[in-house]
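Summary of the model geometry
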Amino acid sequence: LTLVVLTPLLSQEVHGWSVLVLGGTGFRGHLTTEQLVKDGHNVTVISRGFRYWDVFQRLAPHITHWRCNRTLARDYGGGIVPQSGLVNCSKLVDSNATFDAVVDFS
């Protein structure tokens with residue numbers, strides 16, 4: 001007989017999950033981000049910081065936003081530019097945050 005402890009699951013339902021959403025303010029991701037916020041989850045969004053419509057203004061008071069462009073830039077010879085990729089994502093790289101779920105719309 002295996003005993004499964006459900007306490008962590010119950011506490012997540014009561015207090016909400018910690019969710020990381022990549023691309024959570026864009027055309028595809030903002031509806032999911034809005035629903036997660038409405039459902040009481042703690043949402044951290046990583047996005048390039050573009051202000052589509054009024055989405056960011058609506059979400060900003062309810063989320064943690066980390067501006068980050070994870071795209072790796074390449075020089076003309078095909079090499080990766082040193083100031084691209086996760087180098088631009090200091091809040092993500094330097095964070096010790098943990099997440100219960102990750103959603104990627106990027």
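See the structure printed just above.
Residues numbered from 1 in each chain as written. Predicted model: local features only at pLDDT ≥ 70, side-chain atom pairs only at ≥ 80, totals over all residues. Heavy atoms only, no water.

**Concerning the state of the cysteines**
Selection criterion: Here, two cysteine sulfur atoms that lie within 2.5 Å of each other are counted as a disulfide. Helical segments are the DSSP runs of H or I of at least four residues, strand segments are the runs of E of at least two, and each set is numbered from the N terminus. When a residue's accessible area, from a 1.4 Å probe over protein chains only, is under 20% of the maximum for its type it is buried; when over 50% it is exposed; and in between it is partly exposed.
If you walk through the whole model with that rule in mind, you get one disulfide. Linked covalently through their sulfurs, C68 and C89 form a disulfide whose S-S length is 1.6 Å. Because the torsion about its S-S bond is 50°, the bridge between C68 and C89 counts as right-handed. With C68 in the loop between strand 3 (64-67) and helix 4 (90-94) and C89 in the loop between strand 3 and helix 4, the pair connects residues that are 21 residues apart, well separated along the chain. Of the two residues, C68 and C89, neither departs from the other in class, the shared state being buried.

**Some words on the pattern of salt bridges**
Going by this rule: For this analysis, a salt bridge means a side-chain nitrogen from Lys or Arg found within 4 Å of a carboxyl oxygen belonging to Asp or Glu.
Counting across every chain of the model gives two salt bridges. For R58, the salt bridge goes to E34, with nearest N and O atoms at 2.2 Å. Placement of the pair is R58 in helix 3 (residues 55-59) and E34 in helix 2 (residues 30-38), with a sequence separation of 24 residues. What makes E34 buried here is its relative accessible area of 16%. Residue R58 is joined to D54 by a salt bridge in which the shortest nitrogen-to-oxygen separation is 2.5 Å. One connected set of salt bridges, linked through shared partners, spans E34, D54 and R58.

**Things to note about the environment of V37**
Heads up, the condition is: Any pair of residues with heavy atoms lying within 4.5 Å of one another is described as a contacting pair.
Within the element layout of this structure, V37 appears in helix 2. On the accessibility criterion, V37 (22% relative accessible area) is partly exposed. Between the C-alpha atoms of V37 and G16, which are 21 residues apart in sequence, the distance is 9.3 Å. Each residue touching V37, except ones within four places of it in the same chain, is listed here: V43, H62 and I63.

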